[in-house]
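In case you want the letters, here they are:
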Amino acid sequence: MAKRASKSAKSKNSEAPGSASEPKAPRRVAAKNPVTPSEPLEPEGTIFVGQSVKPERILLRMANRHGLATGATGTGKTVTLQVLAEGFSRNGVPVFAADIKGDLSGIAMVGEPKPFLVERAESMGLDYQPDDCPTIFWDLFGEQGHPIRATVSEMGPLLLARLLNLNDVQEGALNIAFKIADDQGLPLLDFKDLRAILDAISPFATKKEAEEGTGNPQLDEIKRAVASYGNVTRQTIGTIQRALLVLQNQGGEKFFGEPALELRDFMKTDRDGRGYVNILAAEKLMGNPRLYATFLLWLLSELFEELPEVGDPDKPKLVFFFDEAHLLFDEAPKALLDKIEQVVRLVRSKGVGVYFVTQNPLDVPDKVLAQLGNRVQHALRAFTPRDQKAVQTAATTFRPNPKLDTARVIMELGKGEALVSFLEEKGTPSMVERCMIRPPAGRMGPITPEERAAIMARSPVKGKYDTEIDSESAHEMLSKRVEREAAPAEQTSGGIGDWIGSIFGTNRKRGETLTTSQQVARSVARTVTTTVVGGVAAAIGKQIGGRTGASVGRSIVRGTLGGILRR
């Protein structure tokens, strides 16, 4: 870190006044390329990934055509991910990546020139230069990074149904809840709001309640409106509520609320023009794989919805690494798979590159696999028939190289080696080559809690998301409407009713004995009130007529007598 500070100070002293805030050109890799000595290993507009019989590079203008990194556990996928993230950051491209084991956090610290790293770099003709990347840590639970939140409305019924593992009937009820909330102008922000709207669309408890209402006109209107969208049973609502409780017990409710994430905070660059690497702490999140996969798909969908069309830019606006990608596709319904395919296919034109990281190429459906132009394949082991099929699948997805038996080489690759094929200038994949991945410039392995805290203390989004906000939304609005309905009845207390009650003893405490005068007064009050109110009710009933008039008359008598002559 001291090395970077001295470099920055020297650079500032050499700049003209007023130019300190201008982004600097991306730092180039110093190299002694044994293959083509006149050409740097990382020319402008490229990322040097490793060395085969030639330098293997990703073209930035082709980086939004997506990619795939696969390989068995322990073969170096995380290091490859770090190398790619460092390359994008160095070229001013922000990165988002999930840190499953905590190892990727080392990218935030300057690496150590260990002998094996220096030796590997020199074998490629590369001068090893330890460096760090500007980093922002995020965490859905707010423990190892800034909290990430989304509103329930932003998540939408499709992804929420996937998150709660609902069947088609339950998903239909959830769609009705969202529709009713839209119609009634009820914002759905957090779990309280979702529970409130689910309670509201639950049918009347009894036939009598359906006829007379709940006492809250707003709820009655909602319950009657549900019938126009389809039948919703109390059992279905109960099942959804129980699924919400399970998610809540797993900590999933922390994801829903405000302040909601602003995507522009993922797309920052520092004063040197380097892209920030946004790292999602996913160690605890992996305890709920469905939440992990749903969150990343939501984030990808939000990027697709919010970002403008840019076609094929000179470099991506953001590169998105989806580690443990098989979790996204496991047991996903067809509607969700179609959505994933659509987003992956179209988000390219928004300037976003998506790189799936997983153990087995069979984890990714063929329709999605066909969209992934840049490939890095680490070693696979063929111990089972499925493993052998995976090896053959991986081999056939590469452009053949007559000098390589791809299927055999995949099983022979050592740690740090990979088969690579990147898109060339015209968008065609290069022939597959056996490549040694370059060493990362940042630290290999996790950082300490103290180092993480220090990085978060100087984060560009410090304080923006750390405190949760409870805005007025569906839960509060429905509660206030209930209070408003109850308010007129409450306001009658303390007025003439209390004065009459003090005389007649009708507001006495339970168990308190009436005096003789109060007993006489109550008897008189009952006679007078029954005669007067009964007469008024009968008159109203006659004017309305029929069963409705009789019902109204009885309601008036019950309400009046119940309010004045309660025991």
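As the structure is a computational prediction, the values presented were derived from the model and not from experiment. (Residues numbered from 1 in each chain as written. Predicted model: local features only at pLDDT ≥ 70, side-chain atom pairs only at ≥ 80, totals over all residues. Heavy atoms only, no water.)

**Focus on the environment of Leu158**
Part 1 of the argument: Within the secondary structure, Leu158 is located in helix 4 (residues 152-164).
Part 2 of the argument: Judged by its relative accessible area of 29%, Leu158 falls in the partly exposed class.
Part 3 of the argument: Along the backbone, Leu158 and Glu171 are 13 residues apart, and their C-alpha atoms lie at a distance of 7.5 Å.
Part 4 of the argument: Beyond its immediate chain neighbours, meaning those up to four positions away, Leu158 contacts Glu171 and Lys339. (Helix = DSSP H or I, 4+ residues; strand = E, 2+ residues; numbered from the N terminus. Buried < 20%, exposed > 50% of the residue type's maximum accessible area, 1.4 Å probe, protein only. Contact = heavy atoms within 4.5 Å.)

**Notes on the sheet that holds strand 4 (residues 95-99)**
The strands making up a sheet associate through hydrogen bonds between their backbones, and the pairing can be parallel or antiparallel.
Part 1 of the argument: Strand order in the open sheet made by the 12 strands is 2-1-12-11-10-3-9-8-4-7-5-6, with mixed pairing throughout. The open sheet has two edge strands with one neighbour each: strand 2 (55-59) and strand 6 (146-147). (Pairing = 2+ DSSP bridges.)

**Focus on the pairing of strand 5 (residues 135-139)**
Part 1 of the argument: Counting buried residues in strand 5 gives 5 out of 5 residues, a clear majority hidden from the surface.
Part 2 of the argument: Residue alternation in strand 5 divides its side chains into two sets, Thr135, Phe137 and Asp139 and Ile136 and Trp138, and both sets are buried.
Part 3 of the argument: Bridge count between strand 5 and strand 7 (residues 277-281): 4 bridges; the pairing is parallel. Counterpart to Phe137 in the pairing with strand 7 is Ile279.

**Examining the nonpolar core**
Part 1 of the argument: With 88 residues, the main nonpolar core has Leu160, Leu280, Phe295, Phe320 and Phe356 as its most contacted residues.
Part 2 of the argument: If one sorts the elements of this core by residue count, helix 10 (residues 289-306) sits on top with 11 residues.
Part 3 of the argument: Apart from the residues within four sequence positions on either side, Phe295 is in contact with Phe96, Leu140, Ile148, Phe255 and Leu280.
Part 4 of the argument: Residues Phe137, Val319, Phe321 and Ile447 belong to the second largest nonpolar core, which totals 35 residues. (Core = buried A, V, L, I, M, F, W, Y, C linked by side-chain atoms within 4.5 Å.)

**Observations concerning helix 14 (residues 385-396)**
Part 1 of the argument: Across its 12 residues, helix 14 extends 17 Å between first and last C-alpha, which sits within 8% of the 16 Å expected from 1.5 Å per residue.
Part 2 of the argument: Ala390, Val391, Thr393, Ala394 and Ala395 are the residues of helix 14 that are buried. (Expected span 1.5 Å × (residues − 1).)

**Structural notes on the side chain of Thr236**
Part 1 of the argument: Looking at the secondary structure, you find Thr236 in helix 9 (residues 234-249).
Part 2 of the argument: For Thr236, a relative accessible area of 12% translates into the label buried.
Part 3 of the argument: Filtering out sequence-adjacent residues up to four positions away, Thr236 remains in contact with Val169, Gln170 and Ala173.

**Thoughts on the packing of aromatic side chains**
Part 1 of the argument: Taken as a whole, this structure holds 15 aromatic pairs when the rule is applied.
Part 2 of the argument: Ring centres 5.4 Å apart and planes at 85° place the aromatic pair Phe255 and Phe295 in the edge-to-face group. Separated by 40 residues along the polypeptide, Phe255 in the loop between helix 9 and strand 7 and Phe295 in helix 10 bring together distant segments of the chain.
Part 3 of the argument: Residue classification places Phe295 among the buried residues on the basis of a relative accessible area of 0%.
Part 4 of the argument: Following the ring pairs from residue to residue traces out a cluster consisting of Phe96, Trp138, Phe266, Tyr292, Phe320, Phe322, Phe329, Phe356 and Tyr465.
Part 5 of the argument: Stacked on the ring of Phe141, the Lys or Arg Lys284 has its end atom at 4.7 Å from the ring centre.
Part 6 of the argument: The ring centre of Phe304 lies 4.6 Å from the NZ or CZ of Lys350, which sits over that ring. (Phe/Tyr/Trp six-rings, centres within 6.5 Å; stacked < 30°, edge-to-face > 60°. Lys NZ or Arg CZ within 6 Å of the ring centre and 35° of its normal.)

**A short note on the confidence of the model for the protein chain**
Part 1 of the argument: In this model, the protein chain carries a mean pLDDT of 81, and residues with pLDDT of at least 70 account for 78%.
Part 2 of the argument: Note on residues 489-493: pLDDT is under 50 here. Beyond four places in sequence and across chains, it has 1 contact.
Part 3 of the argument: Residue range residues 520-534 is modelled with pLDDT below 50. Its contacts to residues more than four positions away, or to other chains, number 19 contacts. (pLDDT = per-residue confidence, 0-100.)

**What about helix 16 (residues 449-457)?**
Helical geometry note: an α-helix holds 3.6 residues per turn, so side chains three or four residues apart project in the same direction.
Part 1 of the argument: Along helix 16, the residues classified as buried are Arg452, Ile455 and Met456. Taken around the axis of helix 16, the buried residues stretch over an arc of 100°, which confines them to a single face.
Part 2 of the argument: The inward-facing, buried residues of helix 16 abut strand 5, strand 6 and strand 7. (Arc of directions from axis to C-beta.)

**Section: the pattern of salt bridges**
Part 1 of the argument: Applying the stated rule across the entire model yields 23 salt bridges.
Part 2 of the argument: For Lys192, the salt bridge is made with Asp190, and the minimal N-O distance between the two is 3.1 Å.
Part 3 of the argument: Take Lys192: its relative accessible area is 33%, and that puts it in the partly exposed class.
Part 4 of the argument: Ionic contacts of the salt-bridge type, sharing partners, join the residues Glu262, Arg264, Asp265, Lys268 and Lys464 into one network. (Salt bridge = Lys/Arg side-chain N within 4 Å of Asp/Glu carboxyl O.)

**Quick word on the packing of helix 6 (residues 191-201) against helix 9**
Part 1 of the argument: Two elements in contact, helix 6 and helix 9, have axes separated by 10 Å at closest approach and are oriented at 170°. In terms of axis orientation, helix 6 runs roughly antiparallel to helix 9. Relative to helix 9, helix 6 is oriented so that their crossing is left-handed. Residues Phe191, Leu194, Arg195, Leu198, Asp199 and Ile201 of helix 6 lie in contact with helix 9, whose contacting residues are Ile237, Ile240, Gln241, Leu244, Leu245, Leu247 and Gln248.
Part 2 of the argument: Among the residues forming the contact of helix 6 with helix 9, the class breakdown is 9 nonpolar, 2 polar and 2 charged. (Axes fitted to C-alpha atoms, helices over the stretch in contact; angles between N-to-C directions. Parallel < 35°, antiparallel > 145°, perpendicular 65-115°, else oblique. Left-handed = near helix turned anticlockwise from the far one by under 90°. Nonpolar A, V, L, I, M, F, W, Y, C, P; charged D, E, K, R; others polar.)

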